[in-house]
Amino acid sequence: MNITEPMFLALTALVDEPRHGYGIVQEVDRLSGGRVQLKIGSLYGVLDRLAADGLVELDREEVQQGRLRRYYRLTDEGAEALAGEATRLAANAEAATARLRARRAGPGSTAPESTVPGSTVPEPRRSPTGRGPITRPATALVALAGSALTALAARAAVNGGVA
Amino acid sequence: MTEPCPVLLEQRYRAVLRLLPASYRAEREDEMVAAFMEMSGEVPDERGPRPRWGEIASVVALAVRVRLGGAGAEPRFVAWGEAVRLLALLGVGFQALVSLYSLLSHGLSTLLVAPPGARQVALTLVDCAWVAAYVAVMRGHVRPAKAAALVGGGSSLYALATGLPVELLGWSEGTAALIVVTTLLALLVGFHRDARPAPRPWDRVVPPLALAALPLALELPLVALESAMPGPEAEPLLWVAFWLSPDGLAIVAVLVAGAIALARRRSPSVLLALATGGMLLAAYRLPVGLPLEFNQPLWVTGVVQCAMLAVMVSLLLVAGVRALPAARQVSA
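Calculation rules
Here the residue index of a chain counts from 1 through its sequence in written order. Whichever chain is written first is A, and whichever ligand is written first is 1; the rest continue in order. Per-residue local features are limited, in this predicted model, to residues with pLDDT of at least 70; the limit for side-chain atom pairs, both in listing and counting, is 80 or more; totals at the level of whole chains, interfaces and linings are taken over all residues. Side-chain metrics rest on all non-hydrogen atoms present in the structure, leaving aside hydrogens and water. Site definitions follow a grid-based scheme: protein atoms alone, a 1 Å grid, a 1.4 Å probe that fits but cannot get out for cavities, and for pockets an open set with protein on both sides within 12 Å along at least five of seven lines, plus lining residues having an atom within 4 Å of a point. Grid points are joined across faces, edges and corners, and a volume is the space filled by probe spheres set on the points. Only DSSP runs of H or I covering at least 4 residues are called helices, and only runs of E covering at least 2 are called strands; the numbering of each starts at the N terminus. Classification used: nonpolar for Ala, Val, Leu, Ile, Met, Phe, Trp, Tyr, Cys and Pro, charged for Asp, Glu, Lys and Arg, polar for all others including Gly. UniProt positions are given in the numbering used here, feature names are shortened, and annotations may be inferred rather than shown by experiment. Axes here mean lines fitted to C-alpha atoms, for a helix over just the part in contact, with angles spanning 0 to 180 degrees between N-to-C directions. Comment on the angle field: the value is read as roughly parallel under 35 degrees, roughly antiparallel over 145, roughly perpendicular from 65 to 115, and oblique elsewhere. When the near helix sits turned anticlockwise from the far one by under a right angle, the crossing is termed left-handed; a clockwise turn instead gives a right-handed crossing. Throughout, a residue-residue contact means that at least one pair of heavy atoms, one from each residue, lies within 4.5 Å. Here is the rule: rings of Phe, Tyr and Trp (six-membered ring for Trp) pair when centre to centre is within 6.5 Å. Planes less than 30 degrees apart are stacked, more than 60 are edge-to-face, and the remainder are tilted. Both a distance and an angle decide whether a charge sits over a ring: NZ of Lys or CZ of Arg must be within 6 Å of the ring centre and within 35 degrees of the ring normal.

If you look chain A up in an unreviewed UniProt entry, it shows as DNA-binding PadR family transcriptional regulator from Nonomuraea muscovyensis.

What should I look at first to understand the layout of surface pockets in this one?
The method is simple in principle: a probe with the dimensions of a water molecule rolls over the atoms, and the space it marks as empty is what remains. Residue and element names in this part refer to chain B. Reported here for the largest pocket is a volume of approximately 1200 Å³. Taken together, 41 residues line the largest pocket, and the ones lying closest to its centre are Leu89, Leu90, Phe94, Leu97 and Ala253. Mapped by element, the contributors of at least two residues to the lining of the largest pocket are helix 4 (75-112), helix 6 (129-138), helix 8 (171-190), helix 10 (213-228), helix 12 (246-263) and helix 13 (268-285). Sorting elements by how many residues they give to the lining of the largest pocket places helix 4 first, with 11 residues. Partitioning the lining of the largest pocket into residue classes produces 31 nonpolar, 6 polar and 4 charged. When residues of the lining of the second largest pocket are traced back to their parent elements, those giving at least two are helix 4, helix 5 (118-127), helix 7 (142-162), helix 8, helix 12 and helix 13. At 7 residues, helix 4 tops the list of elements feeding residues into the lining of the second largest pocket. Residues that form the lining of the second largest pocket fall into these classes: 13 nonpolar, 10 polar and 4 charged.

Just to check I follow, could you spell out the UniProt feature "domain: Transcription regulator PadR N-terminal" (unreviewed entry) in chain A for this structure?
Under the UniProt annotation, "domain: Transcription regulator PadR N-terminal" (unreviewed entry) lies at residues 11-83 of chain A. Summarising residues 11-83 of chain A: 48% helix, 26% strand, and an end-to-end C-alpha distance of 10 Å.

Help me out: how do you make sense of the packing of helix 1 (residues 5-13) of chain A against helix 4 (residues 76-105) of chain A in this one?
Packed helices, taken two at a time, are described by the angle between their axes plus the distance between the axes. Residue and element names in this part refer to chain A. Across the interface, helix 1 lies against helix 4 with an axial gap of 10 Å and an inter-helix angle of 125°. It follows that helix 1 is oblique to helix 4 by the angle criterion. In the crossing of helix 1 with helix 4, the sense of the turn from one axis to the other is left-handed. Packed against helix 1, whose contacting residues are Phe8, Leu11 and Thr12, the element helix 4 presents Gly78, Leu82, Glu85, Ala86 and Leu89 at the interface. Here the contact of helix 1 with helix 4 is composed, by residue class, of 5 nonpolar, 2 polar and 1 charged.

Which parts of the structure should I look at to understand the packing of aromatic side chains?
Working definition: an aromatic ring pair is given by the centre-to-centre distance plus the angle between the planes. If you walk through the whole model with that rule in mind, you get 1 aromatic pair over all chains. Ring geometry for Tyr13 of chain B against Phe36 of chain B: centres 4.2 Å apart, planes inclined by 10°, an arrangement best described as stacked. Highlighted residues: Tyr13 of chain B in helix 1 (residues 8-17) and Phe36 of chain B in helix 2 (residues 22-40), separated in sequence by 23 residues. For Arg60 of chain A, the ring lying beneath its charged end belongs to Tyr71 of chain A, and the centroid distance is 3.9 Å.

So, in structure tokens, the structure goes:
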């Protein structure tokens, strides 16, 4: 199933408690820092899609000041789908962060392998020797050493060979 | 002094929501109005509050999706959505075949007679964006298909608008433009977020494109015979020429497909899509059936084709509308 950003944010808005239409709009606005502002027509398009897929369902109805409020809640399937999507996005973000870190470290360094999007929860990355997880300073040191070696090799090539 | 209870904005929101189908409104209207009113705050009537354009646009988009088989839509709207998507596929396929036919014709005339003008070649090449649109939509890639169709459609409309001096543009150009615009609209609105097409295998996507060579293969011997015969003796050939052009073959295809769909009691979507395609082709053929310029083979063929299409379209429409799932009853 393709979960769009508005769907993802609407599901997230329902994690802690059931919410009614305008409540979801407000929570999505808050969650996205004002970047995603759902229009009412779009909200009901999203809710129709989520309800058709069994990810949300009606919780209760209330009448407040003569106006109908329908509250929606996250189903177990919805929570599962949201968790899967969150894992996928986290893996993407991790891959991007690792590559950016390697880029900042210099051209001689190699980026750590990225996690395949859509895979299950990634295990903590181990060092090639298997002694423990790679920490950020360690990656930076390896990258630094890599670029130093590259520079040395380049200078040696210009001077006619490594002494 | 208390402010009067604002009702104007609510009335205006309810008016906008009339764009939605009655069955959807019966279920959602009060809830949506409440959400709208909470979002806009209770603005007094004196300020003349109106729904914002963005809100109206979002309701229009929702109305289109619901009416064309969006998530949770009732079976009648699902059938309408399928009909529109099928019409889009028929239209894009037809435009792809016509553009390939033009390309082949130009290639052939370059080899046998003389190369066509640069403008003609350029327009034909851009027109081939329809082929890309056809392949993309058949493979399930909706966005690239829409983009390519917009390029192909723009090129087709430009060619129609500039092919003749303005005073000579007439019914044929208008109806050809209508076919292009209908195809584009059906593609753009039919394949919405909730209606992604399943990708078809390549062996079902590519072979239909070979049909573009069919009208050319059928026309070639006819042209050769016509050029070998003196004028009056070649007249009988005109009786068949109008059936062998791409639009003539499209008419035959709609008649045959319509007959099969009626005999096999296909779904209402198939019947309605074929009926709409047939209507557009009949409208395109209509001026040929009018004896404006007395050319017996031409207008008799035009009359026969229009009459056959009229009968087939009527049958398809009646059967299609009857086969549609019943609309959900809305209690008053």
